[in-house]
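A closer look at the structure
Next come the chains, spelled out residue by residue.
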Amino acid sequence: MGADTRLEDAKRRVDADTRRRRRQLLSPTLIVIGVFGLFPLTITLIYSFLSPGVYGGVTWEFSTNAYVQFLFERDIFDDTLSFSSTYLSIYGRSIGLAFVATVGALLIGFPTAYFIASKPPSQRNFWLFLITLPFWTNLLIRTYAVLLIIRDEGIINLSLQSIGLIDQPLTILYTDLAVFLGLIYSYLPFMVLPLYASLEKLDFRLVEAAYDLYATRFQVLRHVIVPMAKPGIVAGCILVFIPGLGAYITPELLGGGKELMIGNLIALQFGGSRNWPFGSAAALILMVVVMLSLIIYVRYAGKEAKGHG
Amino acid sequence: MAERARKMKDLRKQPGFDFLAWFCIFFLYAPIVVLIVFSFNDNRSVVRWTEFSLRWYAAAFDNEGIRNATVVSLQVAAVSTLFATTFATMAALATTRTPPFKGQMAAYAIINQPLMIPEIVTAVATLSFFSIIKQLTGVTGIGYLMLAHTVFCIPFAYMPIRARLEDMNLTLEQAAADLYATPIQVFRKVTLPLLAPGIVAGGMLAFVVSLDDVIITLMVAGPGETTLPVYILGQIRRGITPEINAVSTLLLLLSIVLVSAFFLLGNKKK
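Residues numbered from 1 in each chain as written. Chains lettered and ligands numbered in written order. Predicted model: local features only at pLDDT ≥ 70, side-chain atom pairs only at ≥ 80, totals over all residues. Heavy atoms only, no water.

1. Concerning the overall build of chain B
Keep this limit in mind: In this description a helix means any DSSP run of H or I spanning at least four residues, a strand means any run of E spanning at least two, and both kinds are numbered starting from the N terminus. Atoms counted for the radius of gyration: C-alpha only. Globule rule: 2.2 Å times residue count to the power 0.38. Buried, partly exposed and exposed residues are distinguished by accessible area as a fraction of the type maximum, computed with a 1.4 Å probe on protein chains only: under 20%, between the cut-offs, and over 50%, respectively. By definition in these notes, contact holds between two residues if any of their heavy atoms fall within 4.5 Å.
When helices and strands are tallied, chain B shows 12 helices and 0 strands. Ordered by position in the sequence, the α and β elements of chain B form the string α-α-α-α-α-α-α-α-α-α-α-α. Expected size for 270 residues packed as a compact globule is a radius of gyration near 18 Å; at 23 Å, chain B overshoots this value by more than 25%. Seen through its principal axes, chain B has C-alpha atoms that stretch 75 × 70 × 30 Å. Counting every position in chain B, which comprises 270 residues, the buried fraction comes to 51%. Partitioning the contacts of chain B with sequence separation of at least 6, the portion at a separation of at least 24 is 72%.

Next up, the structure:
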């Protein structure tokens, strides 16, 4: 009896010790990210309900103007509101561009991931390294490199002109096409990696069985390979879509700042336009769109898991 | 057997897939290669090749703006790497070396928070918060930039350290404890030496990520705190010069060297 309680006691002491040690080890990280990462988001929420200050910043006066401005235009003479799609259309355009870039990245990324997965295991790491390396290099510099190639005097136009295919340079830079190319270029590795993770597990005996049952190559792709890769497809699409939606550098450099995307709209409000409440509201609306995409993803992924289980 | 192997290989092929994969590699690397090649071009033009030359590198080294920005970049990256790696190591120990606990998922979510929120949102939120602190305390300086970088570097340092800890065998640590080593002795003499490659890898990723950041730095940096990427962005907006190609190439090569070293470190242990 006595020994039992002593053992219990000792166990409890060890447990308390472990808990204390864990708390000591975890708290610096949680505090730093909590205070300087999470808490500022609350401030953004508060700022979005305040009035803009004259020289940037905010004045502490409650106002829903930031959200009203998002949907309506205030007439400067009689103060009436009329619906305006200016900002909605920036969000719509961004969603559209991010979506098209996601589809583009999928069309290039899927065959690439499949190609790597069908290589012998010893070679796969090398190929993955090749795909990952650009991701770790500077996004700004990679975007700049794309700019060098597609501008009017870029290597694409000069080569096409020198072989006489075109007289005038093709205008690619500062168009939606340029932003689209830049987005695919920036986030392609995000598409390939999760696709590879699910294709790597593909059992090629299933492919063989399908061929034995007289499936055509396309049928095998459509009914065997793609369904197996579905979790990777969904994850890859999310990983390309979300940063694409909030992209700042790509539209800034390749879109020429004419065609705003959400990221530039937000940055502009904190820079030149000096309307911090509106910028905060725009940032929060972006976060809501991102959260919605994530919820759709989790729901979908959950359903998938159940479907397979 | 060989016949069968050949057939299997053929079975795996999908028409056009190999071509698209090679296209993908070409697409990813062609712009980078063009940038690097033309940074060695003697001509002012960034498209017409004339002759090999290092003159733009010399010009970049002579440029005071570039030199100052490099110093700021290295300072910020060094300090934030140090802090982020320390915090990440502690957090990784807490999440792998103690039994599962309530709130573990929440802890993961907080550690990875900087990865989930769009960078531009983090940037303006941090700007808003720091402007309040600056108003209240009157303190300015490069510390804000280092702090902001520390926060978003933590998850990048955390990933390889946690992976290394999870791969590590617990027996050595248990043996040391059985021989009456105190927890601190176990950590110093056993855990830390085994964990070192993970910490180095995490530190390198944090360094690369800090060195590359544009958006958060652009928003948070005060006057005179221009980092190299922010300087480069400013120059590109003004017009393209071969000097920028040279600096960009150097920064690019630094990332490539660090990340390649990271992969080699990771592969060696196996």
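2. Structural notes on the state of the cysteines
Counted only if it meets this: Note that a disulfide, as used here, is simply two cysteine sulfur atoms within 2.5 Å.
Here the structure, examined in full by the defined rule, presents 0 disulfides over all chains. With no disulfide of its own, cysteine 237 of chain A lies 15 Å from the sulfur of cysteine 24 of chain B, the closest cysteine sulfur.

3. Observations regarding the nonpolar core
Worth spelling out the cut-off: Each nonpolar core is a collection of buried residues, namely Ala, Val, Leu, Ile, Met, Phe, Trp, Tyr and Cys, held together in the definition by side-chain atoms within 4.5 Å.
Ranked by size, the top nonpolar core spans 171 residues in total, and within it Phe110, Ile225, Ile266 and Leu286 of chain A together with Ile232 of chain B carry the most contacts. Broken down by element, this core gets its largest block of residues, 14 residues, from helix H3 (residues 86-117) of chain A. Residues within four places of isoleucine 232 of chain B in sequence aside, it is in contact with Leu140 and Ile141 of chain A together with Ile244, Val247, Ser248 and Leu251 of chain B.

4. Topic: the layout of surface pockets
To locate leftover empty space, one rolls a probe as large as a water molecule over the atoms. The test is simple: Think of a 1 Å grid over the protein atoms and nothing else: a 1.4 Å probe that fits but is trapped marks a cavity, an open set flanked by protein within 12 Å on at least five of seven lines marks a pocket, and residues with an atom within 4 Å of a point count as lining. Grid points are joined across faces, edges and corners, and a volume is the space filled by probe spheres set on the points. Residues are grouped as follows: Ala, Val, Leu, Ile, Met, Phe, Trp, Tyr, Cys and Pro are nonpolar; Asp, Glu, Lys and Arg are charged; every other residue, Gly included, is polar.
In this structure, the second largest pocket encloses a volume near 740 Å³. Taken together, 21 residues line the second largest pocket, and the ones lying closest to its centre are Arg21 of chain A together with Arg97, Glu173, Pro183 and Val186 of chain B. Those elements that provide at least two residues to the lining of the second largest pocket are helix H1 (2-47) of chain A together with helix H4 (64-96), helix H8 (171-178) and helix H9 (183-212) of chain B. Of the residues belonging to the lining of the second largest pocket, the class tally is 11 nonpolar, 6 polar and 4 charged.

5. Section: the pattern of salt bridges
Basically, it comes down to this: By salt bridge we mean one thing: a side-chain nitrogen of Lys or Arg within 4 Å of a carboxyl oxygen of Asp or Glu.
Enumeration according to the criterion identifies 8 salt bridges over all chains in this entry. Among the salt bridges present, the one from arginine 20 of chain A reaches aspartate 17 of chain A, with a minimum N-O distance of 3.0 Å. Residue arginine 20 of chain A and its partner aspartate 17 of chain A are both found in helix H1; the two are separated by 3 residues, about one turn of the helix. Assessed through its relative accessible area of 39%, arginine 20 of chain A is described here as partly exposed. When the shortest N-O distance is used, the salt bridge between aspartate 42 of chain B and arginine 55 of chain B registers 3.9 Å. With a gap of 13 residues between them, aspartate 42 of chain B in the loop between helix H2 (17-39) and helix H3 (55-62) and arginine 55 of chain B in helix H3 connect regions that are remote in the sequence. For aspartate 42 of chain B, a relative accessible area of 25% corresponds to the partly exposed category. Classification of arginine 55 of chain B as partly exposed rests on a relative accessible area of 40%.

6. Points about unusual backbone geometry
A positive phi angle is found at tyrosine 174 of chain A, which is not glycine, with a value near 65 degrees. Structurally, tyrosine 174 of chain A is set in the loop between helix H6 (155-162) and helix H7 (176-199).

7. Let's talk about the interface of chain A and chain B
As a reminder, the rule being used: Put simply, buried area is the surface a 1.4 Å probe can reach on two separate parts but cannot reach once they are joined, added for both. Any pair of nitrogen or oxygen atoms within 3.5 Å is treated as a polar contact; in protein, a donor-acceptor pairing is required on top of that, and neighbouring residues in sequence qualify only through side-chain atoms on both sides.
Taken together, the contact between chain A and chain B spans 81 residues of the former and 90 residues of the latter. Between chain A and chain B lies a buried interface of about 7,900 Å² when both sides are counted; carbon and sulfur atoms form 80% of it. Where chain A touches chain B, the interface holds 1 salt bridge. Salt-bridge contacts for glutamate 252 of chain A lead to arginine 237 of chain B; the nearest nitrogen and oxygen are separated by 2.8 Å. Taken together, chain A and chain B are joined by 10 residue pairs in polar contact (both at pLDDT 80 or more). No other element matches H1 of chain A, which puts 20 residues into the side of chain A that touches chain B. Tallied by class, residues from the side of chain A that touches chain B come to 60 nonpolar, 14 polar and 7 charged.

8. Quick notes on a nonpolar patch on the surface
All names here are of chain A. The condition that has to hold: In this analysis, a patch consists of residues with relative accessible area above 30% that form no salt bridge, clustered at 9 Å for like charges and at 5 Å for the nonpolar side chains Val, Leu, Ile, Met, Phe, Trp and Tyr. Surface exposure here means Shrake-Rupley accessible area, sampled with a 1.4 Å probe, where a residue is shielded only by the protein chains that are shown.
On the surface, Leu71, Phe72, Leu81, Phe83 and Leu88 cluster together into a nonpolar patch covering about 430 Å² of accessible area. Mapped onto the elements, leucine 88 comes out in helix H3. The class for leucine 88 is partly exposed, based on a relative accessible area of 35%.

9. Topic: H7 of chain A
It helps to recall that an α-helix has 3.6 residues per turn; residues three or four apart then point in one direction. All names here are of chain A. Basically, it comes down to this: Given a helix with a known number of residues, its expected span is that number minus one, times 1.5 Å. One fitted axis covers the seven residues ending at a residue, a second covers the seven starting there, and the bend at that residue is the angle between these axes.
Between its first and last C-alpha atoms H7 spans 32 Å; for 24 residues at 1.5 Å apiece the expected length is 34 Å, and the two agree. Taking the largest bend as the criterion, H7 deviates by roughly 50 degrees, centred on tyrosine 187, and proline proline 189 comes between one and four positions later. With 18 of 24 residues buried, H7 is to be regarded as a mostly interior element.

10. Some thoughts on the packing of helix H5 (residues 139-150) of chain A against H2 of chain B
When two helices pack together, their arrangement is given by the angle between the helix axes and the distance between those axes. Heads up, the condition is: To get an axis, fit a line to the C-alpha atoms, keeping to the stretch in contact for a helix; angles then go from 0 to 180 degrees between the N-to-C directions. Oblique is the label for every angle not falling under 35 degrees (roughly parallel), over 145 degrees (roughly antiparallel), or within 65 to 115 degrees (roughly perpendicular).
It is at 8 Å that the axes of H5 of chain A and H2 of chain B come closest, and there the two elements cross at 80 degrees. The orientation of H5 of chain A relative to H2 of chain B falls into the category roughly perpendicular. Here Ile141, Arg142, Tyr144, Ala145, Val146, Leu148 and Ile149 of chain A of H5 of chain A lie close against H2 of chain B, whose contacting residues are Ala30, Pro31, Ile32, Val34 and Leu35 of chain B. Grouping the amino acids of the contact of H5 of chain A with H2 of chain B by side-chain chemistry returns 11 nonpolar, no polar and 1 charged.

Honestly, it's all geometry; don't read function into it.
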